[in-house]
Amino acid sequence: LFFLMIRRPPRSTLFPYTTLFRSDRQGRKRRQASEKMEVAKAMNYMDQYKFWLEDSYFDEGTKEELRKIADNQAEIEDRFYKDLAFGTGGLRGVIGAGTNRMNIYTVRKATQGLANYILKQGGAEKGVAIAYDSRYYSPEFADEAALCMAANGIKAYVFDELRPTPELSFALRTLGCISGIVVTASHNPPEYNGYKVYWEDGAQLPPAEADVVASEMAKTDIFTGVKTADYDESVKNGLIRILSKETDEAYLGEVIKVAVNPDCVKQVADDFKLVYTPFHGAGYRLVPEILRRLGYKHIICEPEQMKIDGDFPTVKNPNPEYKEGFTLAIELAKQNDVDLIIGTDPDSDRTGIVLKDKSGEYVTLSGNQVGVLLTDYIITAKKLTNTMPAHPAVLKSIVTTEMARAAAEKNGVECFDTFTGFKFLAEKIKQFEQDGSHEYIFAFEESYGYLCGDYARDKDAVTASMLIAEMAAYYRTQGKTLYDAMEEMYEKYGCYCEQTISIVMPGVSGLQRMKELMQELRDKPLTQIGTHKIDYTRDYMPGTRTCMADGKSEPMELKGQNVMYYELEGGTTFIIRPSGTEPKVKVYIMAKGENKAEAAEKVEALTAAAKEIVK
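Counting restarts for each chain, with residues numbered from 1 along the sequence as it is written. Local features in this predicted model are restricted to residues of pLDDT 70 or higher, and side-chain atom pairs are both shown and tallied only at a pLDDT of 80 or more, whereas totals for entire chains, interfaces and linings draw on every residue. Side-chain metrics in this entry use all non-hydrogen atoms of the structure; hydrogen atoms and water are not considered.

Caption draft 1: Fine view of the overall build of the protein chain. Only runs of H or I of at least four residues qualify as helices and only runs of E of at least two qualify as strands under DSSP, and these elements are numbered from the N terminus. A tally of regular secondary structure across the protein chain gives 20 helices and 23 strands. For 615 residues, the compact-globule estimate of 2.2 N^0.38 gives 25 Å, and the protein chain sits close to it at 25 Å. With respect to the principal axes defined by its C-alpha atoms, the protein chain has extents near 70 × 60 × 50 Å. Expressed as a percentage of its 615 residues, the buried residues of the protein chain come to 59%. As defined in this context, the radius of gyration uses C-alpha atoms, and a globule is described by 2.2 Å times the residue total to the power 0.38. Burial status follows relative accessibility: with a 1.4 Å probe on protein chains alone, a residue under 20% of its type maximum counts as buried, one over 50% as exposed, and anything between as partly exposed.

Caption draft 2: Spatial organisation of the environment of A599. Topologically, A599 is positioned in helix 20 (residues 596-613). Taking the relative accessible area as the measure of exposure, A599 reaches 1% and is therefore buried. The sequence separation of A599 and N336 amounts to 263 residues, and the corresponding C-alpha distance is 35 Å.

Caption draft 3: Spotlight on the pairing of strand 12 (residues 392-397). For strand 12, the tally of buried residues reaches six of six residues, placing the bulk of the element in the interior. Burial along strand 12 is two-sided: P392, V394 and K396 and A393, L395 and S397, pointing in opposite directions, are all buried. Note: two strands are recorded as paired if DSSP finds a minimum of 2 bridges between them. Bridging between strand 12 and strand 14 (residues 439-445) involves five bridges; their strand directions are parallel. Note that in strand 14 the partner of A393 across the bridge is Y440. Of the pairings in the sheet, the one linking strand 12 to strand 13 (residues 414-418) comprises five bridges and is parallel in character. Along strand 13, the bridge assignment pairs K396 with D417. Handedness of a crossover is defined as follows: orient the strands so they point away from the viewer, and if the path from the first strand over the helix to the second runs clockwise, the crossover is right-handed. Read as a crossover between parallel neighbours, the route from strand 12 over helix 15 (residues 403-410) to strand 13 is right-handed.

Caption draft 4: How the structure looks around unusual backbone geometry. Despite not being glycine, Y137 has its phi angle at roughly 70 degrees, a positive value. Looking at the secondary structure, you find Y137 in the loop between strand 2 (128-132) and helix 6 (138-151). In this structure, F279 is a non-glycine residue whose phi angle is positive, near 55 degrees.

Caption draft 5: Structural detail: the pattern of salt bridges. Each salt bridge in this description consists of a side-chain nitrogen of Lys or Arg and a carboxyl oxygen of Asp or Glu lying within 4 Å of one another. Counting across every chain of the model gives 52 salt bridges. A salt bridge links E331 to K334; the nearest nitrogen and oxygen atoms lie 3.8 Å apart. One end of the pair is E331 and the other is K334, both in helix 13 (residues 327-336) and three residues apart, which spans about a single turn. Judged by its relative accessible area of 38%, E331 falls in the partly exposed class. Notably, a salt bridge pairs K480 with E488, separated by 3.0 Å at the nearest N-O pair. K480 gets classed as partly exposed once you look at its relative accessible area, which sits at 26%. Salt bridges here are not isolated pairs; linked through shared partners, they connect D160, E161, R163, E167, D248 and R285.

Caption draft 6: Structural context of helix 19 (residues 507-523). Helix span, as expected, comes to 1.5 Å for every residue beyond the first. Compared with an ideal rise of 1.5 Å per residue, which puts 17 residues at 24 Å, helix 19 spans 25 Å between its outermost C-alpha atoms and is within 8% of the ideal. Of the residues making up helix 19, those classed as buried are G510, R513, M514, L517, M518 and L521. Burial along helix 19 is one-sided: seen end-on, the buried residues are contained in an arc of 130 degrees. In helix 19, the exposed positions that point more than 90 degrees away from the buried face belong to S509, K515 and D523. On the buried face of helix 19, the contacting elements are strand 21 (564-568), strand 22 (572-578), strand 23 (584-593) and helix 20. By construction, the arc corresponds to the directions joining the helix axis to the C-beta atoms. Whether two residues touch is decided by their heavy atoms; if any such pair falls within 4.5 Å, the residues are in contact.

Caption draft 7: Spotlight on the packing of aromatic side chains. A pair of aromatic rings is counted whenever rings of Phe, Tyr or Trp (Trp by its six-membered ring) have centres within 6.5 Å, and the orientation is called stacked for planes under 30 degrees apart, edge-to-face for over 60 and tilted otherwise. All chains considered together, the criterion is met by 25 aromatic pairs. With 6.0 Å between their ring centres and 70 degrees between their planes, Y49 and F80 make a pair best called edge-to-face. With Y49 in helix 2 (residues 45-54) and F80 in helix 4 (residues 73-80), this residue pair connects regions lying 31 residues apart in the sequence. Residue class for Y49 comes out buried when judged on its relative accessible area of 4%. The buried category is assigned to F80, whose relative accessible area is 3%. Between W52 and Y105 the ring centres are 5.7 Å apart and the planes differ by 80 degrees, which places this aromatic pair in the edge-to-face class. Residue W52 is found in helix 2, and its partner Y105 is found in helix 5 (residues 104-120); the two are separated by 53 residues along the sequence. Given a relative accessible area of 4%, W52 falls into the buried group. Overall, Y105 belongs to the buried group, its relative accessible area being 5%. Clustering of aromatic rings is evident, with ring pairs tying together Y49, F51, W52, Y57, F58, F80 and Y105. A positively charged side chain is recorded as over a ring if its NZ (Lys) or CZ (Arg) lies within 6 Å of the ring centre. The angle to the ring normal must also be within 35 degrees. Across the ring face of Y565, the terminal group of R538 is positioned such that the distance to the ring centre comes to 4.0 Å.

Given below as structure tokens:
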């Protein structure tokens, strides 16, 4: 057996509950008052606020928090003007009391909606795997989800402590679970938490299934429809089972198989040093371990950021995208004359790197740049080791650099686009498995997510860290650094430059403005952006590509997403899409130039134009 089920120590010894999220699970009286739910549905935000303040269903800690905002009308509105939306990725929001916040009540309701769907699919015996990261209340929310599942007669396999998100994908696939839950808000600020749902293939819940779960949530009565159970009793009767370090061993055993050419690590291991930081999150144990198993001897972990802390005290934002988060790691690298720094986000599914350039300065690479480096390296290594499949493919999202396509196709590998979100990349992998047309060798997104292998169906920072370290060792054997290799990529595949802009639109007015903006772009089509003429416009909602010169449209394979994609003259791309997880609109600019300076100039000009369009 891959997994050892043991009873976890009493939760009070692991994670202290606070008054705000404490619930009396034993002896709570279930109300027979479904009419209250109908009344609640008709309430405006102030009515909802008063309802939460006065009804005995809500705990005293929640009420105390709400009393403190009694004079803050805007805050009350933001907390209660809507229910926290369940999208294709699940829930994500600020922690706190209210219908539009992450708390035990919204977690229970989401879990009951998921449980209803699982029961309709006959999946109770298959069960659900549950993991969580280092954020505030992550273990508590994971327990609430497990107890709701148990109360519905659905087995819950819960990790004994925080784990990387991709390990959840692996565990549910190996255990044969019908679904999985990860309590995390990825790289969001510390005041956020979230709830990601996975399906039996190990990928995040597809849109169709997510819509059904959202519908089940909407039908769930918060008083009589949500079930919960006693923890100790659920463990005793086998409805809650604990996953321990034996799961890690099985997972790491699959990850190490993804290494393409580990022999190059042995050649440099005596001298090569690297710095690693988990940003206070779930990669703290398994990333250093996989690097050791790969053969590295000098792995220097940033000590302050190895401490598990949901406040992320050493970083402004726990996102490996930003150089500021690497400040301590860079100081450590300088002290030890290290060329490579690897960082993973709190739930260890995204990976960022910092390199020393030719002048000795430490610089970050974008997710696009790392993805191109890995694309080129994996192809090269597979050819060197004679492990290239007959029909290889590289997968990327529509907002990911076209430089990856150039790198793949120049080496005889096909490149396929999907919608943004790793679940769509996973769907393409599944399609390849079913039709046998291709075998994917690498999948990635510009947002620092990378995957190889068939053990999981979500981006994996543990595997990505291993492959980046292997790649660095390979180039060291060639007398080069990763920075040198990136410079060579531009010579081989062309000069590309990318920029992602996020325009935050919070609250009720922001949500409305996001809808208005996308409708305006369809009602009044753009003909140029800045000084750049638009050659073709792609509207991914109906799935049409329109030539701006003659107005003729043609269908596209991809459709059903709220994305406007503009093909500009000269091979540059401008994309606008509302975020699916945060109150913001994202603009992606992908430029190609005769040289790096020209590409960068295009990005700068289009960035200014974007701020005029999206406002």
